[in-house]
Amino acid sequence: MFDHLPAYADDPILGLFDVYKADPRPGKVNLGIGIYCDEAGQVPVLESVRAARADGVGARGPSVYLPTEGGEAYRDAVRALVFGKAAAADIVVVQTVAGTGALKVGADFLKGVLPEAAIWMPDPTWANHAAIFSGAGFRVESYPYYAGATGRFDVDGAVAALRKLQAGSVVLLHPCCHNPTGVDPSQAEWHALFDVIAQRGLLPFFDMAYQGFAHGVDEDAWAVRECVRRGIACLVASSFSKIFSLYGERVGALSVHAPSADTGRLLGQLKLAIRRSYSCPPAQGAALVEAVLSNPAWNAQWRTELDAMRGRMRDMRTRLHRMLGEALPERDFGFLVAQNGMFSYSGLSAAQIEALRSRFGVYVVSSGRICVAGLNASNIGHVCEALADVCAGGAAQ
Ligand code: LMR
């Protein structure tokens, strides 16, 4: 029965992380997987989360099942975070197993109610998006996103592609910190996208894994809130792995804004998708996120910590930009400071990426995506030397 299993090519991000972990070289630098590390190169425990834990939140008592859709207080806290304090109560939020779980629950839910719909994804997008949606039975297509010649969002290409779609097509969007490019639409460009989405009757599915990593918690949710303000139905997958530094806890949520739907039935369909998949969500990480969001002092502390993470990533971008500019003055590394969030899209060739890894122990995803959140004062010099070497022709282009 199992003699002819197909080989798994391994995930381009998680597989690379395994190779990095097995690398014995002491000076290796992980700029692959999207994990925020502090100046000491450690995954931080946020003080706001530590304070909630110290207060007993998430402590192990009797272990009972959460409701299929997650606890009400958690869902209310997430609704306010994503859509603003005045968000309409008819936006249905369910707790999920991180952002990936939200995408999967959303995909299964949509497949049930829109069985013929295809999903259109930006080119490029997170390596796992196509796998999740094709795994749920979707036909996966792409629309232009990144204009390589300018390093900007290809708004004309995207709008032209969306204009041709059938009503009811699902359109995947990154509201901030686009993964992998770090290139986000301006507000004017979002308006152009929403105009065509509304005209064609398309369904936006936002993947928001980095709320607060570009400009701020509310600023980064602007596109989602504008979509809701326009009365456009949409889905939002939220991940709290990065912004709460709770990677292993798998905390996330799926929100659905469906202005004409019966919210009881909508919640029922989401519960059905969850029950069929993993039954109900894990408790401890969500208890921490709920407590931090709901307690004014911890919430303020968390926002300060989020600002500091964002500021450190900005600082690393600025420093690397300056250092590379000094090393290779004839080259333009402006993309480093123009892009948002954890990721920078470098345009490095496969040979350059391989040389970075084999000769310098610097790990970058095969798409050329660099995780700037892995840089710090101790490793940035080595990374700059490595990049300058491969860019100057130390590796074939
Ligand atoms: C990434 O893009 O590196 C992160 O979202 C981690 C992952 O699961 O791929």
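Please read these numbers as outputs of a predicted model, since none were measured by experiment.

Enquirer: What is the right way to read helix α4 (residues 98-113) from this model?
Expert: Every α-helix winds through 3.6 residues per turn, so residues three or four apart in the chain are directed the same way. Between its first and last C-alpha, α4 extends 23 Å over 16 residues, near the 22 Å set by a 1.5 Å rise per residue. When α4 is considered as a whole, its buried residues turn out to be A98, G99, G101, A102, L103, V105, G106, A107, F109 and L110.

Enquirer: Quick question: what am I supposed to make of the packing of helix α7 (residues 187-200) against helix α9 (residues 222-229) here?
Expert: A packed helix pair is summarised by two numbers, namely the angle formed by the two axes and the spacing between the axes. Put simply, α7 and α9 touch, their axes get as near as 11 Å, and they point 40° apart. Taken together, the axes of α7 and α9 lie oblique to each other. Here α7 and α9 pass one another in a crossing that is right-handed. Residues Q187, W190, H191 and F194 of α7 pack against W222, A223, E226 and C227 of α9. The residue makeup of the contact of α7 with α9, split by class, is five nonpolar, two polar and one charged.

Enquirer: I keep staring at the environment of H178 and nothing clicks. Help me out?
Expert: Tracing the chain through its elements places H178 in the loop between β7 (170-173) and α7. Judged by relative accessible area, which is 0%, H178 ranks as buried. Considering only alpha carbons, one finds H178 and D207, 29 residues apart in sequence, at a separation of 9.2 Å. If near-sequence neighbours (up to four positions away) are discounted, H178 is found in contact with P122, P124, T125, Y145, V183 and D184. Here T181 takes part through its side chain, which lies 2.7 Å from a polar atom of the side chain of H178.

Enquirer: What should I look at first to understand the pairing of strand β4 (residues 140-144) in this one?
Expert: Here is the key point about a regular strand: its side chains alternate between the two faces of the sheet. Across five bridges, the pairing between strand β3 (residues 119-123) and β4 is parallel. By the bridge assignment for β4, I119 is matched with V140.

Enquirer: Honestly, the site of the ligand in this entry has me stumped. Any pointers?
Expert: The immediate surroundings of the ligand are formed by I13, I33, G34, W126, N179, Y210, K242 and R369. Between the ligand and G34, the relevant distance is 2.7 Å, taken from an oxygen atom to a main-chain nitrogen or oxygen of the residue. The separation between an oxygen atom of the ligand and a polar side-chain atom of K242 is 2.9 Å. Bound to the protein, the ligand loses 84% of the 260 Å² it would expose on its own. Grouping the constituent residues of the shell around the ligand by class yields four nonpolar, two polar and two charged.

Enquirer: Explain the packing of α4 against helix α10 (residues 263-277) to me, please; I cannot follow it from the model alone.
Expert: The interhelical angle for the contact between α4 and α10, taken along N-to-C directions, is 115°, at an axis separation of 9 Å. In the crossing of α4 with α10, the sense of the turn from one axis to the other is right-handed. Between α4 and α10, the residues in contact are V105, D108 and F109 and L266, Q269, L270, A273 and I274, respectively. Tallied by class, the residues present in the contact of α4 with α10 amount to six nonpolar, one polar and one charged.

Enquirer: It is not clear to me how the packing of aromatic side chains should be interpreted in this structure. Could you clarify?
Expert: Here the distance between the centres and the angle between the planes together describe a pair of aromatic rings. Following the criterion strictly, the structure yields 15 aromatic pairs and no others. Plain terms: the ring middles of F133 and F205 are 5.6 Å apart, the flat faces sit at 90° to each other, and that makes the pair edge-to-face. Placement of the pair is F133 in helix α5 (residues 129-135) and F205 in strand β8 (residues 203-208), with a sequence separation of 72 residues. Take F133 and F205: they sit in the same class, and that class is buried. Taken together, a centroid distance of 4.8 Å and an interplanar angle of 45° make the contact between Y145 and F153 tilted. Owing to a relative accessible area of 6%, F153 belongs among the buried residues under this scheme. Here the aromatic cluster, defined as three or more aromatic residues joined through ring pairs, consists of Y36, Y210, F213 and F343. Seen from the ring of F138, K111 lies directly overhead, with NZ or CZ sitting 5.4 Å from the centre. Just above the ring of F343 sits the side chain of R369; from NZ or CZ to the centre is 3.7 Å.

Basis of the calculations
Residues numbered from 1 in each chain as written. Predicted model: local features only at pLDDT ≥ 70, side-chain atom pairs only at ≥ 80, totals over all residues. Heavy atoms only, no water. Helix = DSSP H or I, 4+ residues; strand = E, 2+ residues; numbered from the N terminus. Expected span 1.5 Å × (residues − 1). Buried < 20%, exposed > 50% of the residue type's maximum accessible area, 1.4 Å probe, protein only. Axes fitted to C-alpha atoms, helices over the stretch in contact; angles between N-to-C directions. Parallel < 35°, antiparallel > 145°, perpendicular 65-115°, else oblique. Left-handed = near helix turned anticlockwise from the far one by under 90°. Contact = heavy atoms within 4.5 Å. Nonpolar A, V, L, I, M, F, W, Y, C, P; charged D, E, K, R; others polar. Polar contact = N/O pair within 3.5 Å; in protein donor to acceptor, adjacent residues only side chain to side chain. Pairing = 2+ DSSP bridges. Near = heavy atom within 4 Å. Areas by Shrake-Rupley, 256 points an atom, 1.4 Å probe, with all protein chains shown as cover. Phe/Tyr/Trp six-rings, centres within 6.5 Å; stacked < 30°, edge-to-face > 60°. Lys NZ or Arg CZ within 6 Å of the ring centre and 35° of its normal.

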